[in-house]
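The lines below spell out each chain.
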Amino acid sequence: DRPPAIVSLLRQHKLLLSTHDPCPYCETPLIRKHDRHLPEGQRLHCRTCDKNFSVYSYSIFSHTHLTLFEFSQLLCFFDSQLTVTQASKVSGLRMATVSEIYNKIRHTLKAYNEQHPIIWPKDEIVEFDETIVQALRDVPHFGSDSRGDPDERVEGWVIGGVGRNTGLVHLEPITDRRAETLLAIVNKHVPEHCRVTTDQHASYGNLMRTHEYAPTFKYHVGSATYPMPYREPSARFGSWTVHTNTIEGQWSLLKSHFHISHGWPASYVPCVLAEFIYRSRHISLSVALQAK
């Protein structure tokens, strides 16, 4: 009874083709037919073009040798933030198999984020900052122009923004910290007149022309440096507190994730960032996976 039960559950979350879904070729609603030769016990049929489809077709479950039960287990483990090693031990699957599925999920989340970019609401307070992330060298232009030793660590810049009230996060690798690079990303995701705060990096200075922008300040005691929150007046929103504590907390979480994994290849960094963006969205994994 396990396959029909799992098929029914996954259909409820729109992760499998279902009755009345349009045929990918002619848009005719599909009908269900029983097929005892298939593990899931059924197939979908188009009466117009006379084509048959597995329930796996056009879903994240296509092109996998795993059973629905095994794949569904890994979806739960990924959503619960189990590492590849932990998921392998619990499921009994090879680490290479778990890693392959995790990789597939992250690429799907990346596609979802590209289709549904983070746009903060106009009444949000958005904190922006940049940090350096270490990765394993496997591509040029992430800290260096040469490939070199694949086990060698390279560094690259990542810009991050977080909504103080919504918790929505956007993370993106960048090649430099010039004004045109940073401002293009901010303007893409933050509506005009929205409140924005950053550190005192000069590249953000022109934000005051389009947003309610206020940089943070720091004071020095000997060799130590401390942030100095302050209240910024606003005719539109009332006074608000200027600080970057929220984005600094996100950097701590991100870097701990990189540390636990013992390093990601540089080309895979955007997929790791995509997972962080997804987890800030407060949506179920099934919704994001519908990007297929």
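Residues numbered from 1 in each chain as written. Predicted model: local features only at pLDDT ≥ 70, side-chain atom pairs only at ≥ 80, totals over all residues. Heavy atoms only, no water.

Thoughts on the overall build of the protein
To keep it simple, the criterion reads: In this description a helix means any DSSP run of H or I spanning at least four residues, a strand means any run of E spanning at least two, and both kinds are numbered starting from the N terminus. Only protein chains enter the accessibility calculation, which uses a 1.4 Å probe; a residue is then buried when its area is under 20% of its type maximum, exposed when over 50%, and partly exposed in between. Throughout, a contact is declared for two residues whenever any of their heavy atoms are within 4.5 Å.
Scanning the protein for helices and strands turns up eight helices and twelve strands. Seen along its three principal axes, the alpha-carbon backbone of the protein occupies a region of about 75 × 50 × 30 Å. Within the protein, the proportion of its 292 residues that are buried is 43%. Pairs at least 24 residues apart make up 54% of the contacts formed inside the protein by residues separated by at least 6 positions.

Things to note about the pattern of salt bridges
Oppositely charged side chains can form a pair if their charged atoms are brought close together. Going by this rule: Salt bridge, as used here: a side-chain nitrogen of Lys or Arg that lies within 4 Å of a carboxyl oxygen of Asp or Glu.
One pass over the full model with this rule turns up eight salt bridges. Residue Glu127 pairs with Arg164 through a salt bridge whose shortest N-O separation is 2.8 Å. Here Glu127, found in strand S4 (residues 125-136), pairs with Arg164, found in the loop between strand S5 (153-163) and strand S6 (169-174); they are 37 residues apart in sequence, far enough to count as distant. Among the residues examined, Glu127 registers a relative accessible area of 0% and is labelled buried. As a salt-bridge pair, Glu275 and Arg279 come within 3.0 Å of each other at their nearest N and O atoms. Taken together, the residues span about one helical turn, with Glu275 and Arg279 both in helix H7 (residues 269-279) at a distance of four residues. A relative accessible area of 25% means that Arg279 is categorised as partly exposed. One network of salt bridges, with partners in common, ties together Arg106, Glu275 and Arg279.

Quick notes on the sheet that holds strand S1 (residues 31-34)
To be explicit about the condition: Two strands pair if DSSP finds at least two bridges between them.
One open sheet accounts for three strands, arranged S1-S2-S3; its pairing is antiparallel. The open sheet has two free edges, formed respectively by S1 and strand S3 (52-53), since each of these has just one partner strand. Here strand S2 (residues 42-45) runs beside S3; their pairing, made up of two bridges, is antiparallel. Bridge assignment links His45 to a residue of S3, and that residue is Asn52.

Concerning the sheet that holds strand S7 (residues 195-198)
For clarity, the threshold we go by: To get an axis, a line is fitted to the C-alpha atoms, and for a helix only the part in contact is used. The angle between two axes follows their N-to-C directions and goes from 0 to 180 degrees.
Here five strands make up an open sheet; going across it, the order is S6-S5-S4-S7-S8 and the pairing mixed. The sheet terminates laterally at S6 and strand S8 (212-215), the two strands that pair on one side only. Neighbour to neighbour, the strand axes of the sheet diverge by 30° on average, direction disregarded. Of the strand pairs in this sheet, S5 and S6 are connected by six bridges, and their pairing is antiparallel. Looking at the pairing, Gly161 lines up with His170 of S6.

Side note on the packing of aromatic side chains
Which entries qualify depends on this criterion: Any Phe, Tyr or Trp ring, taking Trp's six-membered ring, that has another such ring centre within 6.5 Å forms a pair; planes under 30 degrees apart are called stacked, those over 60 apart edge-to-face, and the others tilted. Put simply, a charge is over a ring when the Lys NZ or the Arg CZ is close to the ring centre, within 6 Å, and near the line of the ring normal, within 35 degrees.
For the structure on display, the rule yields six aromatic pairs. Judged by centre distance (5.5 Å) and plane angle (50°), the ring pair of Phe217 and Tyr230 falls under tilted. Taken together, the positions of Phe217 in strand S9 (residues 217-221) and Tyr230 in strand S11 (residues 230-232) put the pair 13 residues apart, joining distant regions of the chain. Here Trp264 and Tyr268 contribute two aromatic rings whose centre-to-centre distance is 5.3 Å and whose plane-to-plane angle is 40°, an arrangement assigned as tilted. The burial state of Trp264 is the same as that of Tyr268; both residues are buried. Positioned over the ring face of Phe237 is Arg195, at 4.2 Å from the centre of the ring. Over the aromatic face of Phe78 sits the side chain of Arg279, whose NZ or CZ is 5.2 Å from the ring centroid.

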